[in-house]
Amino acid sequence: MSESTDDPEKTPATTEDEQREEGETIAKGWLRVGAVSIFGMLLAVIGLMQATGLIDLFPFGEGWTYQWLVFVAIAAVVVAIEVWTWRSDKLD
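On a predicted model such as this, the values are computed, not experimentally measured, just so you know.

Here is what the cut-offs are and how they apply
Residues numbered from 1 in each chain as written. Predicted model: local features only at pLDDT ≥ 70, side-chain atom pairs only at ≥ 80, totals over all residues. Heavy atoms only, no water. Helix = DSSP H or I, 4+ residues; strand = E, 2+ residues; numbered from the N terminus. Contact = heavy atoms within 4.5 Å. Areas by Shrake-Rupley, 256 points an atom, 1.4 Å probe, with all protein chains shown as cover. Buried < 20%, exposed > 50% of the residue type's maximum accessible area, 1.4 Å probe, protein only. Expected span 1.5 Å × (residues − 1). Salt bridge = Lys/Arg side-chain N within 4 Å of Asp/Glu carboxyl O. Patch = residues over 30% accessible without salt bridge, like charges linked within 9 Å, V, L, I, M, F, W, Y side chains within 5 Å.

As for the overall build of the protein
Helices and strands together make up the secondary structure of the protein, namely 2 helices and 0 strands. Of all intrachain contacts in the protein linking residues separated by at least 6 positions in sequence, the fraction that spans at least 24 positions is 32%. Taken as a whole, the protein presents about 7300 Å² of accessible surface, with 67% of it coming from carbon and sulfur.

Remarks on the environment of Val72
Locating Val72 in the fold gives a position in helix H2 (residues 64-91). In this structure Val72 comes out as exposed when scored by relative accessible area, which is 51%. Each C-alpha atom, one on Val72 and one on Gly47, is 9.4 Å from the other, the two residues being 25 residues apart in sequence.

Looking at helix H1 (residues 16-52)
Over its 37 residues, H1 extends 54 Å from the first C-alpha to the last, a length consistent with the 54 Å expected when each residue adds 1.5 Å. Along H1, the residues classified as buried are Glu22, Leu43, Gly47 and Gln50.

Some words on the pattern of salt bridges
Inspection of every chain in the model, using the stated rule, returns 2 salt bridges. The residue Asp17 makes a salt bridge to Arg20 at a minimum N-O spacing of 3.3 Å. You can see Asp17 and its partner Arg20 sitting in helix H1, 3 residues apart, about one turn around the helix. Judged by relative accessible area, which is 56%, Asp17 ranks as exposed. Through salt bridges that share partners, Glu16, Asp17 and Arg20 make up one connected network.

Quick notes on a nonpolar patch on the surface
On the surface, Ile26, Trp30 and Val33 cluster together into a nonpolar patch covering about 320 Å² of accessible area. Secondary-structure assignment places Val33 in helix H1.

Shown next as structure tokens:
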């Protein structure tokens, strides 16, 4: 990666290749922000619907503890996947 992708806002791009690379870097960042927002909103909506009793996603278990543990585990997996994709991109 060129120096322009380290912090695209500090160094102006002078060539067309640098501009294209800078645009791709910014687009990937916005795509990740959008993905995290969508998954976060879906988890919040599903969690609120489950908390109010509108839906019952996890019919197994005696009480609410098992259901919420499964929900928290799913949320942790989604967060771990997002963190892993951000870390793998920084290593390139």
